[in-house]
Amino acid sequence: MSRLTELFTRKKNNVLNVYCTAGYPELNSTLAVMKALQNNGADLIELGMPYSDPLADGPVIQASGTKALQNGMTIATLFEQLADFRKEITVPVVLMGYLNPLLQYGFEKFCAKAAEVGIDGLIIPDIPMFEYEKEYAAVIQKQGLDFIFLVTPETSEERIKKLDSLSTGFLYAVSSSSITGSDKDFSPVESYLQRLQGMGLKNPVLVGFGIKDKATFAMAAKYTAGAIIGSAYIKALENGNDVETATKEFLTGILR
Amino acid sequence: MSYHITRKLEEQGSAAEYKLSRSNFVPDENGYYGRFGGAYIPEMLHRNVEELRTRYLEIMHEPSFQGEYQQLLHDYVGRPTPLYFAERLSRQYGTQIFLKREDLCHTGAHKVNNTVGQILLALRLGKKRIIAETGAGQHGVATATVCALKGIECIVYMGEKDIERQAPNVARMKMLGAKVIPATSGSKTLKDATNEAIRDWINNPHDTHYIIGSVVGPHPYPDMVARFQSVISKEVRWQLKEKTGSELPGKVIACVGGGSNAAGAFYHFLDEKSVELIAVEAAGEGVHSGKSAATTQLGRDGVLHGSRSLVMQTEDGQVVEPHSISAGLDYPGIGPLHAHLFDSGRGRFLSATDEEALKAAFEVAKLEGIIPALESAHAFSALNQLELKKEETIVICLSGRGDKDLATYMRVMEQNDEI
């Protein structure tokens with residue numbers, strides 16, 4: 001059983017997935033951040049691989065990626081940092097990133113290396129369904145990696161079902177049709193989440209985009225398996241405290 | 001009279017349209033030209049892009065759309081633009097040079113051919129709000145212009161650095177009623193303005209149309225923009241026939257950044273094997289100087305702004321900031337059609353440095369009384385790199401006028417009295 005399946009079998013509600021950027025705030029803080037997240041209650045970690053042109057991310061996450069790139073982060077460096085991470089990190093970890101750097105690294109080599117170090121799944125928002133089936137699914141599945149698709153309030157029911165059938169691990173529900181870190185009113189999202197809840201999807205659903213505090217987390221988790229926090233955590237790391245303190249403070253605020 | 005010309009344009013085009021339906025150079029249903037193209041977009045953009053993909057051809061073929069589009073091209077843009085025999089330039093290079101005068105389009109460049117088409121399409125899709133990206137500001141001005149024409153809200157994203165460098169165009173956009181929003185992320189130039197425009201589109205999935213200015217972006221943009229610009233080569237064919245007795249030139253030369261004027265100038269010659277298609281990229285301070293925008297020479301296969309193409313990038317796949325004296329060619333990618341023309345050998349790709357382009361601009365000004373845009377000057381500088389035959393017909397796409405580049409030209413004149 002994959003780590004993701006194991007997690008969602010064991011825990012059906014209030015699953016907390018936290019996004020962090022590899023190589024941020026410092027080049028070598030990747031592991032420290034992951035440890036802090038695990039120690040303070042994150043059930044799952046989404047580790048972002050920085051990219052120069054992250055279309056689906058908002059300004060906070062892009063800025064963290066820009067900093068990480070300035071710090072010298074590359075995919076090769078990331079795999080070096082992750083070489084032994086499974087000795088300490090037991091929660092599932094999915095890598096989030098954009099296709100171009102993976103193509104340059106070599107997509108097959110990337111998947112093989114990710115599986116080898118103990119990564120559980122991939123979120124690559126600019127691989128659309130059509131390209132996934134044609135070009136990438138076989139390579140990803142060969143390495144036993146989960147692949148997580150995004151759905152949005154604009155996605156048709158038929159398409160949600162197709163994306164769900166292709167996803168493994170979980171399905172990523174974008175809370176509003178917007179980029180990460182937006183401050184839009186959250187309440188209209190509820191009917192969309194209810195709709196997802198009623199669709200009998202095969203995957204557990206995690207809600208991302210716009211989750212920033214205890215209230216938004218609770219609302220998302222009411223209808224789904226849990227939620228993903230990104231920009232709000234990156235902002236918390238910006239505030240200057242050491243990683244462990246900042247993470248503890250932030251996650252306590254969400255989970256207490 | 002405009003009716004007559006409209007009919008003439010349509011008749012002239014129909015033969016070429018027919019040939020193109022069997023071409024290797026129009027994309028397949030998934031937007032691929034060979035291995036380049038496609039639609040690498042996050043799910044958040046699916047609805048918008050899918051709406052466009054399923055509707056663009058149907059709308060573009062509607063008689064009411066064609067009628068309005070042709071009318072505006074004629075009455076508002078000022079088409080057909082002249083095909084001008086450049087006598088002194090021809091003598092200088094010992095060949096027969098014709099200039100396709102896109103610089104005489106309203107707003108001063110070919111960009112408006114596309115924005116007129118896309119605004120009509122956006123209105124038929126029921127959109128109430130237009131967004132665009134711009135580098136030098138030419139596409140931003142062309143977009144702001146058609147938005148004013150149709151009374152529709154216009155937001156233009158422009159890199160913070162470009163806003164500083166291109167003050168007159170910023171002022172033009174504002175005077176036309178557009179809101180110019182600085183892109184402050186990443187390198188604060190064209191590629192970042194494009195990212196910001198795409199993000200705006202993600203945040204506004206219902207009422208907004210994104211007018212991309214070049215033959216880049218996810219399918220169907222490269223094809224749609226190429227079709228709107230194809231009026232350039234459509235006119236060249238019948239104009240050349242009138243002037244020389246043959247529709248086909250020996251060579252067509254155009255500059256390429258993203259590649260919209262080149263796509264338009266090549267379009268109706270793509271399947272005419274006797275016509276040599278020559279694309280001129282910006283070499284900046286030299287192809288290998290580290291300050292260049294010659295994508296076919298420096299780029300590798302990659303994905304940028306939603307399509308698979310050649311992309312200038314680091315070994316690690318981070319997109320790099322290109323350099324050219326000409327802001328309109330300062331883009332780290334190239335449209336997938338051009339990547340395919342390069343890869344298949346159908347197109348011949350040359351490059352011109354900043355200095356060579358400047359020299360060409362001053363030469364054209366002195367010999368023909370035409371001050372070309374810096375972008376177009378790159379196309380002219382190819383004349384020095386080609387073996388030209390006396391009886392051969394060369395068509396150069398003079399994509400824009402040089403008024404916007406006066407500050408640069410003035411700097412050159414101050415530094416060098418010789419030119």
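For every chain, the first residue of the written sequence is number 1, and numbering continues from 1 along that sequence. For this description, chains carry letters from A and ligands carry numbers from 1, given in the order in which they are written. In keeping with the predicted nature of the model, local features appear solely for residues at pLDDT of at least 70, side-chain atom pairs appear and are counted solely at 80 or more, and the whole-chain, interface and lining totals rest on all residues. Excluding hydrogens and water, the side-chain values take into account all heavy atoms of the structure.

Asker: Where do I start with the overall build of chain B in this structure?
Answerer: Of regular secondary structure, chain B possesses 17 helices and 14 strands. Put simply, the radius of gyration uses C-alpha atoms, and a globule should come to 2.2 Å times the residue count raised to 0.38. Computed over C-alpha atoms, the radius of gyration of chain B comes to 20 Å, within 12% of the 22 Å expected from 2.2 N^0.38 for 419 residues, which places it in the range of a compact globule. Taken across its 419 residues, chain B has 66% of its residues classed as buried. Contacts in chain B between residues at least 24 apart in sequence constitute 74% of all its contacts with a sequence separation of at least 6. Note on areas: Shrake-Rupley, 1.4 Å probe, and residue coverage restricted to the protein chains presented here. Of the roughly 15,000 Å² of accessible surface on chain B, a fraction of 50% belongs to carbon and sulfur atoms. In chain B, 46 side chains carry a positive charge and 53 a negative one; their mean positions are 3 Å apart. Secondary structure follows DSSP: runs of H or I at least 4 residues long count as helices, runs of E at least 2 residues long count as strands, and numbering of each begins at the N terminus. Between buried and exposed lies partly exposed: a residue is buried under 20% and exposed over 50% of the maximum accessible area for its type, with that area taken using a 1.4 Å probe on protein chains only. Residue contacts follow a heavy-atom distance rule, with two residues in contact if any of their heavy atoms lie within 4.5 Å. Positive charges are assigned to Lys and Arg, negative charges to Asp and Glu, while His and the chain termini are left out of the count. Throughout, a charge is located at the NZ atom of Lys, the CZ atom of Arg, the CG atom of Asp or the CD atom of Glu.

Asker: Please explain a nonpolar patch on the surface as it appears in this structure.
Answerer: Residue and element names in this part refer to chain B. Patch definition: residues with relative accessible area over 30% and no salt bridge; like charges joined within 9 Å; nonpolar side chains (Val, Leu, Ile, Met, Phe, Trp, Tyr) joined within 5 Å. The rule for a salt bridge is simple: a side-chain nitrogen of Lys or Arg has to be within 4 Å of a carboxyl oxygen of Asp or Glu. A surface patch of nonpolar side chains, amounting to about 270 Å² of accessible area, comprises Leu 406, Met 410 and Met 413. Relative to the helices and strands, Leu 406 resides in helix α17 (residues 406–415). Assessed through its relative accessible area of 38%, Leu 406 is described here as partly exposed.

Asker: Even after reading the chapter, I still don't get the interface of chain A and chain B, so can you show me in this structure?
Answerer: Accessible area lost upon the coming together of the parts is a frequently used measure of interface size. Contact residues are listed per partner, giving 39 residues for chain A and 34 residues for chain B. A simple way to read buried area is as the amount of 1.4 Å-probe accessible surface that goes missing from two parts once joined, with both sides added. Surface buried jointly by chain A and chain B totals about 3,000 Å² across both partners, of which 49% is contributed by carbon and sulfur atoms. Of all residues in chain A, the largest losses of buried area upon contact with chain B belong to A:Leu55, A:Gln104 and A:Glu154, amounting jointly to 22% of the total for that side. On the surface where chain A and chain B come into contact, there are three salt bridges. Definition of a polar contact: a pair of N or O atoms within 3.5 Å, with one able to donate and the other able to accept a hydrogen when the atoms are protein atoms, and with sequence-neighbouring residues admitted only if both atoms are side-chain atoms. There are 23 residue pairs in polar contact (both at pLDDT 80 or more) connecting chain A and chain B. When contributions to the side of chain A that touches chain B are tallied by element, the ones reaching two or more residues are α3 (59–71), α5 (99–105), α7 (129–142), β6 (150–151) and α8 (157–166) of chain A. Among the elements that make up the side of chain A that touches chain B, the one with the highest residue count is α5(A) (five residues).

Asker: Got a minute to help me understand the pairing of strand β11 (residues 300–304) of chain B in this structure?
Answerer: Side-chain positions along a regular strand alternate between the two faces of the sheet. Relative to strand β12 (residues 307–311) of chain B, β11(B) is paired through five bridges, and the arrangement is antiparallel. Bridging from a neighbouring strand, B:Val303 pairs with B:Arg308 of β12(B). A pair of strands counts as paired when DSSP detects no fewer than two bridges linking them.

Taken by themselves, the reported measurements are silent on function.
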